[in-house]
Every structure is written in C-alpha cells, then in structure tokens.
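What the coordinates show
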Amino acid sequence: MSFETWKQIIEKAQTEFKIAHLDFNNWGEPTLNKDLPRMAAYCKEHGIHFRISTNLQRTDGLDAVLANGADLIWASCSGWSQETYGKTHEGDFNKLRDNMVWLAEKKRSLNSRTQLIIRWHRYRHNCDEEKEARKFARQHGFAFEAHVAWYLPIQKLLTGPADETAKLLLVPIGEGLDAVKDLPRPKTCPEYSSVHVDANRQAKLCCLTYNLNVGDFLENDIETLDAARQKHPFCTPCMEANALEYLAKTHPKLLWMAAKNATSTDVRLRLLFEILVDTTLRLGRRIPIPYYIKSRIGMAVKHRL
Ligand code: SF4
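Fair warning: this is a prediction, and the values are worked out from it, not measured in the lab.

**As for the sheet that holds strand β5 (residues 143-148)**
- The five strands are arranged β1-β2-β3-β4-β5 in an open sheet whose pairing can be described as parallel. Each edge of the open sheet carries a strand with a single partner, namely β1 (22-24) and β5. Each neighbouring strand pair of the sheet contributes to a mean axis angle of 25°, computed without reference to strand direction.
- Alignment of strand β2 (residues 50-54) against strand β3 (residues 72-77), held across four bridges, turns out to be parallel.

So this is what it looks like as structure tokens:
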C-alpha cells in the first residue's frame, strides 16, 4: 500500500471514529512496506498511538518506528531453534534472534520508550524451549508474552480441513470447541468494535480472516461497512460455535486442557498459574474497578509469568 493511500485511509477514519490504536500488522509484514518510516513519522506528528507486529526476518524501517515513539513492537516467535521454529514459522531463526539483539541495541542507542515484546506462540513441540527464550528476553530488555497458539483463519478453524500444525496445538480444535459451546457469549461480536483494512483497501470482516471482505474502505462509509459486517453470513456459525472464546484461550477449561497437553513441567506450571490468575480476574469482574485498570493488571501479571 502506498503512503498516499494509507494517509487517505487514516484521514477518512479520523472523520468517522476515534482511532485509539493503529496496528501495523494482521496477515501482513509491516517491514516489507518501504513507506513504513513515513507512516511512523505521520503517526508521531498526528499523535496517533501505533504498534507493530513483525516476524523480524528484516528490520527495514524499524529504526524510524523506534525513533517515532511507537507504543510497542511485538516480535513473533514459536521456537528457540531452527528445527522447532521452522515447524510453525517460515523463516530463519538465527536471523530472528540477531534482529532481536539489533532491535534492543537500537532502542538503547535512540533512547526510545517503545516497549519490546516477544510474542511467544505456545505449541506442544516448543514447550521445552520457552525457558531459553524467556532468558534471552530478560537479558535484552524484552517483555515476554506467551499465549496458547491460535489456529486461523477462522474459516479453517470452523470448517477444516485441519493440517499438520493443528496436531501441534495444545488445545485440540474439536475438543476445545466442544468445551466452549455451552459457555456464555456476548450478544454482539466484540470484533465489530475494531476496523481492519488490508493492503488493497478492503475492509475485512474481522482480524481473524484475510479473505472475507465487506467492501472498499475508501468508497463506503463506516455505517455501510458496519452493517455489512453485522449481517455477514459467516458470523452466525462463528457465534454459535463460540469460536472467539476458543481462540482467546483464557477460559480455565481451555487452559486446563493446554496444561494437560504441555510437554514441559515449566509450561504446565505456568498454565496452572494462569488458571489461578484468570479465575481471580473473572471473579474481579464483579468488583467495580475500571476495566482498563483490570486489563493492565492482567497484562502486567501475564508478562511476568
Ligand atoms: S462473529 Fe466471528 S467471523 Fe464474525 S466478526 Fe466476529 S469473530 Fe469474525
């Protein structure tokens, strides 16, 4: 996407709703866009909070992102050796690790306040390597955010066919969806509160898919796009399956399943502790503390687990 088109999208969005956060990711790799430095500079100039998620196979434009005060950069990772990483990520593990070191050093030299986070995807095959990745994160000033891996796009989750990656999931699809089908669910999908636009200007149904679109973002007003989302035929089976609850993997039932399938004691104990934290937070919903503060506490605890 060119800088000009991107700017048109931001300007239109600002006339239609308040942008709380701008995320440069979701089914794409931001460092591939040569205009990333200009986009970061624009965000700084206009006071827009922005975040980046990258596989760190390249670092192009990330110095500008650090210099322009992005809120955070997530480095996505699913293994601490080429053999493990290569099963669930395309790319070179050594390059990823070297680029993480580069990023940490660059942040120091620029005196940047951007938070750096390793986003670790937990699978059956990488439990043994999580400890090593955490150690690296501590040494280089990254926070560590581990979550039970997702399986996407949403169509593949609900209609299959499952592939080799599905066999590595800590919460098997069939068992997991079965466990959540009777749990309470929101009346409206929470995904409707965020807007996702792809590199071809297409507004997507939600962030869980790359090919269910509802219209050109620049040619349709937000009310039209919202209406198209809310009557999209795929949402009915998705809501009926309670797929978002399955994907969030924060419900104690699912965390318990993940703990049983974890292949290291360290990860098993961490998941059991997450069950404790999650149960406490669920009880805490009844205490009148603003949601923002609760979620900050939840994130702070999660990063230290
Ligand atoms: S109901 Fe499912 S498919 Fe529809 S917007 Fe929500 S998460 Fe996406």
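**Focus: the site of the ligand**
- In the region of the ligand, the neighbouring residues are Ile154, Cys189, Glu191, Leu205, Cys206, Leu208, Phe234, Cys235, Cys238, Met239, Ala243 and Leu244.
- Where the shell around the ligand is concerned, the elements lending two or more residues are α10 (235-241) and α11 (243-248).
- If you tally residues by element for the shell around the ligand, the top one is α10, at three residues.
- Class assignment of the residues belonging to the shell around the ligand gives a composition of eleven nonpolar, no polar and one charged.

**Quick word on unusual backbone geometry**
- Omega for the bond connecting leucine 152 with proline 153 falls within 30 degrees of zero, at 5°, which places this linkage in the cis form.
- Structurally, the position occupied by proline 153 is in the loop between β5 and α7 (154-159).
- Non-glycine residue asparagine 26 carries a positive phi angle of around 75°.
- Mapped onto the elements, asparagine 26 comes out in the loop between β1 and α2 (36-45).
- Given 16 C-beta atoms within 10 Å, asparagine 26 falls into the partly exposed group.
- Here asparagine 111, not a glycine, exhibits a phi torsion of approximately 55°, which is positive.

**A closer look at the domain arrangement of the protein chain**
- What the domain assignment reports for the protein chain is domain 1 (1-149), domain 2 (152-178 + 246-305) and domain 3 (186-241).
- Relative to domain 2, the C-alpha centre of domain 1 lies at a distance of 22 Å.
- For the side of domain 1 that touches domain 2, the elements supplying multiple residues, two or more each, are α4 (82-88), α6 (130-140) and β5.
- Of the residues forming the side of domain 1 that touches domain 2, the biggest block, five residues, is contributed by β5.
- Classifying every residue of the side of domain 1 that touches domain 2 by side-chain character gives six nonpolar, three polar and seven charged.

**With respect to the packing of helix α8 (residues 173-180) against helix α12 (residues 252-261)**
- Here α8 crosses α12 at 155°, and the two axes come no closer than 9 Å. Here α8 is positioned roughly antiparallel relative to α12, judged by the angle of their axes. For α8 against α12, the interelement crossing comes out right-handed. Contacts from Glu175, Gly176 and Ala179 in α8 reach Lys253, Leu254 and Met257 in α12.
- Here the residues of the contact of α8 with α12 are counted per class, giving three nonpolar, one polar and two charged.

**Points about the nonpolar core**
- Leu170, Val171, Ala203, Leu254, Ala258, Ala262 and Leu271 are the most contacted members of the largest nonpolar core, which totals 31 residues.
- Listed by contribution, the elements that provide at least two residues to this core are α7, α10, α11, α12 and α13 (265-284).
- At five residues, the largest contribution of residues to this core is made by α12.
- In contact with alanine 203, not counting residues within four places along its chain, are Val195, His196, Val197, Asn213, Val214, Gly215, Phe217 and Leu225.
- Ala40, Leu56, Leu66 and Ala70 belong to the second-largest nonpolar core, a separate cluster that totals 30 residues.

Rules and cut-offs
Residues numbered from 1 in each chain as written. Predicted model: local features only at pLDDT ≥ 70, side-chain atom pairs only at ≥ 80, totals over all residues. Pairing = 2+ DSSP bridges. Helix = DSSP H or I, 4+ residues; strand = E, 2+ residues; numbered from the N terminus. Axes fitted to C-alpha atoms, helices over the stretch in contact; angles between N-to-C directions. Near = placed C-beta within 6 Å. Nonpolar A, V, L, I, M, F, W, Y, C, P; charged D, E, K, R; others polar. Buried ≥ 20, exposed ≤ 12 C-beta atoms within 10 Å, placed from the backbone. Domains from an automatic or database assignment. Parallel < 35°, antiparallel > 145°, perpendicular 65-115°, else oblique. Left-handed = near helix turned anticlockwise from the far one by under 90°. Contact = placed C-beta atoms within 7 Å. Core = buried A, V, L, I, M, F, W, Y, C linked by C-beta atoms within 7 Å.

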